[in-house]
Amino acid sequence: MAKATFAAGCFWGVEHRFRQLEGVSDAVSGYAGGTTANPTYKQVCSGRTGHAEAVQVTYDPAVISYETLVDHFFATHDPTQLNRQGPDVGTQYRSAIFTHDEAQLAAAKAARDRLAASGRFARPVVTEIVPLRSFFPAEEYHQRYVEKHGSHCAI
């Protein structure tokens, strides 16, 4: 099994979308990209931790490739919106790929560059691609939120 970490707005919807993919065994809502250790949802929402709402995906590379996960990520949100997705605004809702190794870093950058050159968007692709420093799972009430409560965010 391997891991991949993505941020694309409200983590509830991102987690739900990745869980639907064959080859994905788990998706966990959490926080990545910031400086505060073990942040709370309230701290992340303040915009002062530097973290984005993110989802860490556990997948079987024999069933689904990292490149397919990245393509899915780009297809399911607007990577041209800086620090927002739909009605959710703030750096915690930024578009980001947090890579786990050099191969993921190269694949993510190549996919972003292909998308930017495709002409699909009138605005520039602003997705941040950086090595993952740490991932902190969100509080339990955020896990599988859409499955438990239905959709309350733009998915």
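See the structure printed just above.
1. Details of the packing of helix H3 (residues 66-75) against helix H4 (residues 102-117)
A pair of packed helices is captured by two measures, namely the crossing angle of their axes and the spacing between those axes.
Alright, step 1. Two numbers describe how H3 lies on H4: the axes approach to 10 Å, and their chain directions differ by 40 degrees. Between H3 and H4, the angle falls in the class oblique. Relative to H4, the crossing made by H3 is right-handed. Only Gln104, Ala107, Ala108, Ala111, Arg112, Arg114 and Leu115 of H4 make contact with H3, whose side of the interface consists of Tyr66, Glu67, Val70, Asp71 and Phe74.
Alright, step 2. By residue class, the composition of the contact of H3 with H4 is seven nonpolar, one polar and four charged.

2. Let's talk about the environment of phenylalanine 121
Alright, step 1. Residue placement: phenylalanine 121 occurs in the loop between H4 and strand S7 (128-131).
Alright, step 2. Separated by 43 residues in sequence, phenylalanine 121 and aspartate 78 place their C-alpha atoms 9.0 Å apart.
Alright, step 3. Look past the residues within four positions of phenylalanine 121 in its chain and what remains in contact with it is Asp78, Pro79, Thr80 and Leu115.

3. Regarding the pairing of strand S1 (residues 2-8)
Alright, step 1. Summarising burial for S1: five of the seven residues are buried, a large majority.
Alright, step 2. The pairing of S1 with strand S3 (residues 52-59) spans five bridges and is classified as antiparallel. Counted as the bridge partner of alanine 4 is valine 57 from S3.
Alright, step 3. For S1 and strand S6 (residues 95-99), the ladder comprises four bridges, and the chain directions are antiparallel. By the bridge assignment for S6, phenylalanine 6 is matched with isoleucine 97.

4. Re the side chain of histidine 72
Alright, step 1. Among the secondary structure elements, histidine 72 is positioned in helix H3.
Alright, step 2. Overall, the relative accessible area of 18% leaves histidine 72 in the buried class.
Alright, step 3. For histidine 72, the residues in contact, after removing those within four places along its chain, are Arg17, Phe18 and Leu21.

Cut-off values and rules
- Residues numbered from 1 in each chain as written.
- Predicted model: local features only at pLDDT ≥ 70, side-chain atom pairs only at ≥ 80, totals over all residues.
- Heavy atoms only, no water.
- Axes fitted to C-alpha atoms, helices over the stretch in contact; angles between N-to-C directions.
- Helix = DSSP H or I, 4+ residues; strand = E, 2+ residues; numbered from the N terminus.
- Parallel < 35°, antiparallel > 145°, perpendicular 65-115°, else oblique.
- Left-handed = near helix turned anticlockwise from the far one by under 90°.
- Contact = heavy atoms within 4.5 Å.
- Nonpolar A, V, L, I, M, F, W, Y, C, P; charged D, E, K, R; others polar.
- Buried < 20%, exposed > 50% of the residue type's maximum accessible area, 1.4 Å probe, protein only.
- Pairing = 2+ DSSP bridges.

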